[in-house]
Amino acid sequence: MPIVVDIDVMLARRKMSVGELAERIGITPANLAVLKNGRAKAVRFSTLEAVCAVLECQPGDVLRWEPAAAPGGAVGSADGVAPTDAR
């Protein structure tokens, strides 16, 4: 998945456990684990806001985009169409 969740990095920087973060943002540890491990299909802005408030960070500190490697090592989209140059 090209969206990478770095909540574990911020947790380590803040010396906070997954359980403590889950309690403070009001979701179950299991649901936080789904998000943290990159298995979530979506995240509510209210959840992202709560994560950022508790961890005192920006959304870009916990979410980042990485291009997916296409078969054969090329970088592009899953449908085989290369991104266009928007210059």
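The structure contained in this document is the topic of the report that follows.

Parameters and conventions
Every chain begins its residue count from 1, and numbering advances along the sequence as written. With pLDDT at 70 or above as the cut-off, local features in this predicted model cover only qualifying residues; side-chain atom pairs require 80 or more to be listed or tallied, and sums for whole chains, interfaces and linings still use all residues. To get the side-chain values, take all heavy atoms of the structure and skip hydrogens and water. Definition used in this section: a nonpolar core is a set of buried Ala, Val, Leu, Ile, Met, Phe, Trp, Tyr and Cys residues joined via side-chain atoms within 4.5 Å. Exposure is judged per residue with a 1.4 Å probe applied to protein chains only, and the accessible area is read against the type maximum: over 50% gives exposed, under 20% gives buried, and values in between give partly exposed. Secondary structure elements are defined from DSSP: runs of H or I of at least 4 residues count as helices, runs of E of at least 2 residues count as strands, and each element is numbered from the N terminus. By the convention used here, residues are in contact when the closest approach between their heavy atoms is within 4.5 Å. The directions from the helix axis to the C-beta atoms form the arc being described. Note on definitions: angles span 0 to 180 degrees between N-to-C directions of axes, and those axes are lines fitted to C-alpha atoms, for helices only across the stretch in contact. In this scheme, roughly parallel covers angles under 35 degrees and roughly antiparallel covers those over 145, while 65 to 115 is roughly perpendicular and the rest are oblique. All amino acids are sorted into three groups, where Ala, Val, Leu, Ile, Met, Phe, Trp, Tyr, Cys and Pro are nonpolar, Asp, Glu, Lys and Arg are charged, and the leftover types, Gly among them, are polar.

### Looking at the nonpolar core
Of all hydrophobic cores here, the largest spans 19 residues; its most connected members are I7, L21, I25, L32, L55 and V62. Of all the secondary structure elements, the ones that give two or more residues to this core are α1 (7-14), α2 (18-25), α3 (29-36) and α4 (45-55). The element best represented in this core is α4, accounting for 6 residues. When sequence neighbours within four positions are dropped, the list of residues in contact with L55 reads M10, L11, R14, M16, L21 and V62.

### Some details on α4
Looking only at α4, the buried set comprises T47, L48, A50, V51, C52, V54 and L55. Residues of α4 that are buried sit in contact with α1, α2, α5 (59-62) and β2 (63-65). Phi for E56, located one or two positions after α4, is positive at around 50°.

### Some words on α1
All buried positions along α1 are accounted for by I7, M10 and L11. The buried residues of α1 all sit within an arc of 105° when viewed along its axis, so they share a single face. Exposed and facing more than 90 degrees away from the buried side of α1 are A12 and R13. Here the buried face of α1 lies against β1 (3-5), α2, α3, α4 and α5.

### Describing the side chain of D6
With respect to the helices, strands and loops of the structure, D6 is situated in the loop between β1 and α1. What makes D6 buried here is its relative accessible area of 13%.

### Observations concerning the environment of A40
Tracing the backbone shows A40 in the loop between α3 and α4. Taking the C-alpha atoms as reference points, A40 and V5, separated by 35 residues in sequence, lie 9.6 Å from one another.

### So, the packing of α2 against α3
How two helices sit against one another is set out by the angle between their axes and by the gap between those axes. As a packed pair, α2 and α3 sit with axes 9 Å apart at the nearest point and diverge in direction by 110°. When the interaxial angle is binned, α2 and α3 end up roughly perpendicular. Contacts from V18, L21, A22 and I25 of α2 reach α3 at P29, L32 and K36. When its residues are assigned to classes, the contact of α2 with α3 shows 6 nonpolar, no polar and 1 charged.

So far we have only geometry, and geometry alone does not tell us how the molecule works.
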